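Listed below, chain by chain, are the residues.
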Amino acid sequence: MNNHSSGNISKNRKIYIDYLRVAATVFVIGVHTVSLASSMLERGTVSFQVLETFDFLFLSCNLLFIMISGALLLPVQGERVGVFFRKRFSKVAIPLVVYYIFYVCAKEGIQWISPNHWFALLKRILIGAPEEAPHFWLVYVILWLYVLTPFLRWLLWNIPDTVFYGVMAVIFAVCALDTYLPLAGIASPFGWFVDSFVGAFLLGYLLDGKCSRKVENLFLAGGAVSFLLSCYWIAGVGENYENYLYNNSPSMLLLSAAIFLLVKRLAKEWNTSAVVAFLGKYSYSILLIHWGVLHFVVKQLLHVNVLSGGIWGGCLLMMALTLVISAAGAFIVDKVFLQWLELPFCKK
């Protein structure tokens, strides 16, 4: 017998989600900024290690975006599959197609929007992230998780909580084996599951309201310890640390879970400001557009040097400009294109 509590999120707006979206949006800009800066420094220097530490912190953006989706989608009951794909799936797929076309046309010319190129363009979109926007890999992961959502909803609402907790424990164990088996010279057989990000998707559902205060505290402590150990590793103790501090490694899962819960707890005392509401509303479009803004508008047109003023001045300036310009661009694209393209899918 199912013992899950009601999870209809449409009736109870989750304010903390707005703050998490903003945090993930700032982090995704931050990770591409500091990784650019660190690539210009000599490996092993103090400045390089500081940037790599922030790179690790900001890299949690990927899991945060996925966990937010899990927290919003998986608790919903009673939504028909057809309605889900028409209204929710389209909210992700349509912007992906629009921005995909923008990136391709910006680099290769507007001839790609002519009818005789449509089939080739559709083929490129179906293949995956374009060379012009490699960060789109995350959007394809999210789309894949959207496809799985109706099945995962049914599964979660038809198993006891104790079984779900056991599943999450197995997921963490699998991610740990996938991360650390190579240290013993053993090829991991679990990469296909780990790379699917289903575990992070379910983790968002767990942290949204399925774990006790005690378990939350364990996640917070685990995230803090993981961050400190990762800083220690980056400082030169470990070699090839990039192989063990990536998206689905235990350290990143725990860090992302801790950030998720910290924002969730703090947001109980906050109201959603106009700025937070705006950035939260357009966070997905900012995710899509920021790569072009950072590397073309800010770096090439505005000639911002990411290392000017030391490692802080250039990075902060580039992040601020990228966020502001991306938000403005996302707003314009939404009003000019997306709201009209999505309108047929949102009608009752």
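Figured I'd write up the structure that's included with this text. (Residues numbered from 1 in each chain as written. Predicted model: local features only at pLDDT ≥ 70, side-chain atom pairs only at ≥ 80, totals over all residues. Heavy atoms only, no water.)

1. Comments concerning the layout of surface pockets
Next up, step 1: The calculated volume of the largest pocket comes to roughly 1,200 Å³.
Next up, step 2: Looking at the largest pocket, it is lined by 35 residues, and the ones nearest its centre are Arg 21, Leu 72, Lys 91, Tyr 146 and Lys 281.
Next up, step 3: Those elements that place two or more of their residues in the lining of the largest pocket are α1 (15-38), α3 (60-73), α4 (81-108), α6 (137-156), α12 (274-281), α13 (283-301) and α14 (310-346).
Next up, step 4: At seven residues, the largest contribution of residues to the lining of the largest pocket is made by α14.
Next up, step 5: The residue makeup of the lining of the largest pocket, split by class, is 16 nonpolar, seven polar and 12 charged. (1 Å grid on protein atoms, 1.4 Å probe; cavity = no way out; pocket = protein on both sides within 12 Å on 5 of 7 lines; lining within 4 Å. Points joined across faces, edges and corners; volume = space filled by probe spheres on them. Helix = DSSP H or I, 4+ residues; strand = E, 2+ residues; numbered from the N terminus. Nonpolar A, V, L, I, M, F, W, Y, C, P; charged D, E, K, R; others polar.)

2. Brief notes about empty space enclosed by the protein
Next up, step 1: Tallied over the entire structure, the rule returns one cavity of 30 Å³ or more.
Next up, step 2: Size it by volume and the largest cavity reaches roughly 30 Å³.
Next up, step 3: Lining the largest cavity are Ile 171, Cys 175, Phe 193, Val 194, Gly 199, Ala 200, Asn 248 and Leu 253.
Next up, step 4: Of all the secondary-structure elements, those providing two or more residues to the lining of the largest cavity are α7 (161-180), α8 (191-194) and α9 (198-209).
Next up, step 5: Of the residues assigned to the lining of the largest cavity, the class counts are six nonpolar, two polar and no charged.

3. Considering the packing of aromatic side chains
Next up, step 1: Inspection of every chain in the model, using the stated rule, returns 24 aromatic pairs.
Next up, step 2: With a centroid separation of 5.6 Å and 75° between ring planes, the pair formed by Tyr 16 and Phe 260 is classed as edge-to-face. With a gap of 244 residues between them, Tyr 16 in helix α1 and Phe 260 in helix α11 (residues 250-266) connect regions that are remote in the sequence.
Next up, step 3: Given the relative accessible area of 0%, Phe 260 is considered buried.
Next up, step 4: By way of ring pairs, the aromatic residues Phe 27, Phe 54, Phe 58 and Trp 312 are connected into one cluster.
Next up, step 5: The ring of Trp 112 carries Arg 124 above its face, with NZ or CZ at 4.8 Å from the centroid. (Phe/Tyr/Trp six-rings, centres within 6.5 Å; stacked < 30°, edge-to-face > 60°. Buried < 20%, exposed > 50% of the residue type's maximum accessible area, 1.4 Å probe, protein only. Lys NZ or Arg CZ within 6 Å of the ring centre and 35° of its normal.)

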